Amino acid sequence: MDRSLAVAVFAAADAHLDPCGATAFAQRLGRELDAGRIVFPRPLVVGGGCPYGCLVLHRFPGDLTGLPEATRILARGLADIAGGSFLIGICGVRSITVVDCVAQAVRCELRNHRRGSGPVGRIGESTVFAML
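In this report, the structure presented in the accompanying data block is examined. (Residues numbered from 1 in each chain as written. Predicted model: local features only at pLDDT ≥ 70, side-chain atom pairs only at ≥ 80, totals over all residues. Heavy atoms only, no water.)

A word on the overall build of the chain
Rules: Labels follow the DSSP assignment, with helices taken as runs of H or I lasting at least four residues and strands as runs of E lasting at least two, numbered in each case from the N terminus. Note on method: radius of gyration uses C-alpha positions; expected globular size equals 2.2 Å times residues raised to 0.38.
Within the chain, the regular secondary structure consists of 4 helices and 5 strands. Secondary structure elements in the chain, listed N-terminal to C-terminal, are α-α-β-β-α-β-α-β-β. Taken over C-alpha atoms, the radius of gyration comes to 13 Å for the chain, in line with the 14 Å a tight globule of 132 residues would show. Along the first, second and third principal axes, the C-alpha atoms of the chain reach 35 × 30 × 25 Å.

The structure is reproduced here in structure tokens:
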């Protein structure tokens, strides 16, 4: 997905729910997209489906510094456009520990999200599922 289109879609959705924070959110998302840490490998489903985004682990430092922050950015954006749930794929090292770290960051973000939070869990060693 084109970077500018992704930022525009997510910024518009976020502005609808949080007008004051939408610009800062769009800037943070843009930095993660530019760095290749967040990607959208398939077309986004907006407002009625289950959107999917990926975290690309080899784009993070070896100790995965920044992974929780990037996860929270991705979770916020996907929650803003989701119908009722979303998926986050983890590309790279397959590890239950990494998936659990991503799931915990999603839980933290959704705890503060305007649309509320439902269950968050992992699907295998490479995907986190969240319901709103």
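Observations concerning the pattern of salt bridges
The criterion, for reference: Salt-bridge detection follows one rule: a side-chain nitrogen of Lys or Arg within 4 Å of a carboxyl oxygen of Asp or Glu. When a residue's accessible area, from a 1.4 Å probe over protein chains only, is under 20% of the maximum for its type it is buried; when over 50% it is exposed; and in between it is partly exposed.
Tallied over the full model, the rule gives 7 salt bridges. A salt bridge links Asp-34 to Arg-3; the nearest nitrogen and oxygen atoms lie 2.6 Å apart. Residue Asp-34 is found in helix α2 (residues 22–35), and its partner Arg-3 is found in helix α1 (residues 3–17); the two are separated by 31 residues along the sequence. Of the residues examined, Asp-34 reaches a relative accessible area of 54% and is grouped as exposed. The closest approach of N and O atoms between Glu-32 and Arg-37, which form a salt bridge, is 2.6 Å. By sharing partners, the salt bridges in this structure join Asp-14, Asp-18 and Arg-76 into a single network.

Examining the nonpolar core
So the rule is basically this: Working definition of a nonpolar core: buried Ala, Val, Leu, Ile, Met, Phe, Trp, Tyr and Cys residues. They are joined through side-chain atoms within 4.5 Å. Contacts were defined at the residue level, with two residues in contact if any of their heavy atoms lie within 4.5 Å.
Membership of the largest hydrophobic core comes to 36 residues, with the highest contact counts inside it found for Phe-40, Phe-86, Ile-88, Val-106 and Val-128. For this core, the elements supplying multiple residues, two or more each, are α1, α2, α3 (67–81), β3 (85–91), α4 (96–111) and β5 (127–131). Sorting elements by how many residues they give to this core places α3 first, with 8 residues. Those residues within four positions of Val-128 in sequence are excluded, and the remaining contacts are Phe-86, Leu-87, Ile-88, Ile-90, Val-99, Val-102, Ala-103, Val-106, Val-120, Gly-121 and Arg-122.

Quick word on the pairing of strand β2 (residues 52–56)
Under the convention used in this document: What makes two strands pair is DSSP finding at least two bridges between them. Handedness of a crossover is defined as follows: orient the strands so they point away from the viewer, and if the path from the first strand over the helix to the second runs clockwise, the crossover is right-handed.
In terms of burial, β2 is a largely internal element, 5 of the 5 residues being buried. On β2, burial covers both faces: Tyr-52, Cys-54 and Val-56 on one face and Gly-53 and Leu-55 on the other are all buried. Bridge analysis of strand β1 (residues 38–39) against β2 gives 2 bridges, and the strand direction is antiparallel. Bridge pairing links Ile-38 to Leu-55 in β2. Two strands pair when backbone bridges link them, and β2 and β3 are joined in this way by 5 bridges, in the parallel orientation. By the bridge assignment, Gly-53 is partnered in β3 with Ile-88. Once you follow β2 into α3 and on to β3, the crossover reads as right-handed.

Remarks on the packing of α2 against α3
Helix packing geometry: the angle between the two helix axes and the distance between the axes. What counts is decided by this rule: A fitted line through C-alpha atoms serves as each axis, taken over the contacting stretch for helices, and the angle formed by two N-to-C directions is quoted from 0 to 180°. For classification purposes, angles smaller than 35 degrees are called roughly parallel, those larger than 145 roughly antiparallel, those between 65 and 115 roughly perpendicular, and all remaining angles oblique. By the definition used in this description, the sense in which the near helix is turned from the far one sets the handedness, with an anticlockwise turn below a right angle giving left-handed and a clockwise turn giving right-handed. The classification used treats Ala, Val, Leu, Ile, Met, Phe, Trp, Tyr, Cys and Pro as nonpolar, Asp, Glu, Lys and Arg as charged, and all other residues, Gly among them, as polar.
Packing of α2 against α3 brings their axes to within 10 Å, and their N-to-C directions diverge by 120°. Here α2 is positioned oblique relative to α3, judged by the angle of their axes. Handedness of the crossing formed by α2 with α3: left-handed. For the pair α2 and α3, contact is made by Phe-25, Arg-28, Leu-29 and Glu-32 and by Glu-69, Ala-70, Ile-73, Arg-76 and Gly-77, respectively. Tallied by class, residues from the contact of α2 with α3 come to 4 nonpolar, 1 polar and 4 charged.

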